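A look at the structure
So you can see what is in the structure, the chains are spelled out below.
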Amino acid sequence: MHRTRICSIVVALVFAASIPATAAKSLDDGKLDPAWFGGNREFHSVDEIDYLWVKPGFALAGKKLQFFSWEEPHFIGEDAEDRDTKDKRLANDLTRDLPDIFSEAFHNGLSGSVTVVDSGADVNVVGRIVDCSSGSAAAKFWVGMGAGSGSTTFDMKFVDASSGELLAALHHRVVSGTTMSTTDSKLVKWIDELAEELAQKSLEKLYASGRKARD
C-alpha cells in the first residue's frame with residue numbers, strides 16, 4: 001500500500017509538471033498571453049485597468065519615458081477568427097498611431113512628474129493589439145443593448161531601458177458600445193483618463209488597490 005501510494009504521488013507530480021504554465025494562468029479568454037510579458041505574473045484587476053502587474057517599488061514619478069513603435073497586431077483568443085478585413089485595418093491604423101497618442105497623453109497628464117523623451121529614457125514602453133473590432137454603427141443605433149459594440153484589447157509593458165527588466169505590465173479592453181463613440185475615439189479617451197489617473201495615484205498604488213485577476 002505504501003509503495004502504491006508513493007507511485008501515485010509521483011505520477012501526479014509528473015502529470016502536473018507536464019501541463020504548460022500558461023494553461024493554468026489563462027486570463028481574458030486566452031487574450032492575455034503571459035509569454036509576451038516574459039512569463040506568468042500575478043495580475044490584479046483594478047477599476048481603471050483590467051489586468052495590471054507592477055514590480056514592487058517601481059514608480060513612474062521622476063522617470064524619463066520613451067514610447068516605441070508598437071508591434072504588429074497579433075489577434076489571439078476565442079474571437080480571433082471572427083475578425084474581418086475592416087477590423088484588421090483598424091488595428092493596423094491604431095498600432096501606427098498609439099505610441100504618439102500615449103506619448104502626448106502622458107506628456108500632458110503627467111507633466112512635472114514624468115518626462116517623455118525621444119532618446120535617453122530610463123523606461124521604454126511598447127505595446128501590441130491582440131484583438132480589435134470596429135463594431136457596427138447600425139446595430140448600435142437600431143438594436144442597442146450592447147449590439148454592434150466595437151472594442152480594442154491590447155498589451156503594454158514598461159521595461160527598464162538599461163537591463164530590459166519588466167517593470168510594469170497591463171492588458172486592457174476598451175469598448176465602444178454607443179453611437180456616441182467609435183472604437184478609436186473611445187480608446188483615445190481612455191488613454192487620456194489613464195494619464196490623469198496616474199497623476200493622482202501611482203501604478204504601484206493602483207496595483208495594491210486591486211484584487212488578483214481571475215478569468
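Residues numbered from 1 in each chain as written. Predicted model: local features only at pLDDT ≥ 70, side-chain atom pairs only at ≥ 80, totals over all residues. Heavy atoms only, no water.

**A short note on the overall build of the protein chain**
Helix and strand counts for the protein chain come out as six helices and eight strands. When burial is assessed residue by residue, the protein chain has 40% of its 215 residues classed as buried. Across the protein chain, contacts joining residues at least 24 apart in sequence account for 74% of those joining residues at least 6 apart. For the protein chain, the exposed area adds up to about 11900 Å²; of that, 51% sits on carbon and sulfur atoms. (Helix = DSSP H or I, 4+ residues; strand = E, 2+ residues; numbered from the N terminus. Buried < 20%, exposed > 50% of the residue type's maximum accessible area, 1.4 Å probe, protein only. Contact = heavy atoms within 4.5 Å. Areas by Shrake-Rupley, 256 points an atom, 1.4 Å probe, with all protein chains shown as cover.)

**Here we look at the pairing of strand 2 (residues 51–54)**
The alternating pattern of strand 2 places Tyr51 and Trp53 on one face and Leu52 and Val54 on the opposite face, and all of these are buried. Examined bridge by bridge, strand 2 and strand 7 (residues 166–176) share four bridges and lie antiparallel to one another. When the sheet's bridge partners are listed, Val54 is paired in strand 7 with Ala168. (Pairing = 2+ DSSP bridges.)

**Some points on the nonpolar core**
Grouped together as the largest cluster of nonpolar side chains are 53 residues, with contacts concentrated most on Phe102, Phe106 and Phe158. Listing elements by their share of this core, those giving two or more residues are strand 2, strand 3 (64–67), helix 3 (85–109), strand 5 (123–133), strand 6 (150–160), strand 7, helix 5 (183–200) and helix 6 (203–209). Among the elements that line this core, the one with the most residues is helix 3, at eight residues. Those residues in contact with Phe158 that lie beyond four places of it in its chain are Leu60, Leu65, Phe106, Val123, Asn124, Val125, Glu165, Leu166, Leu167, Ala168 and Leu170. (Core = buried A, V, L, I, M, F, W, Y, C linked by side-chain atoms within 4.5 Å.)

**Quick word on the confidence of the model for the protein chain**
Summary statistics for the protein chain give a mean pLDDT of 83 and a share of 79% for residues scoring 70 or more. Residue range residues 136–148 is modelled with pLDDT below 50. Its contacts to residues more than four positions away, or to other chains, number 18 contacts. (pLDDT = per-residue confidence, 0-100.)

**Observations regarding the pattern of salt bridges**
When the charged atoms of two side chains lie near each other, side chains of opposite charge can form a pair. Applying the stated rule across the entire model yields six salt bridges. Of the charged contacts, one joins Asp93 and Arg96 as a salt bridge, the two residues approaching to 3.4 Å between their closest N and O atoms. On the criterion of helical spacing, the pair formed by Asp93 and Arg96 is a turn pair, its members being three residues apart in helix 3. Here Arg96 falls in the exposed class, since its relative accessible area comes to 55%. Of the charged contacts, one joins Asp97 and Arg96 as a salt bridge, the two residues approaching to 3.1 Å between their closest N and O atoms. Three or more residues are tied together by salt bridges with common partners; here these are Asp93, Arg96 and Asp97. (Salt bridge = Lys/Arg side-chain N within 4 Å of Asp/Glu carboxyl O.)

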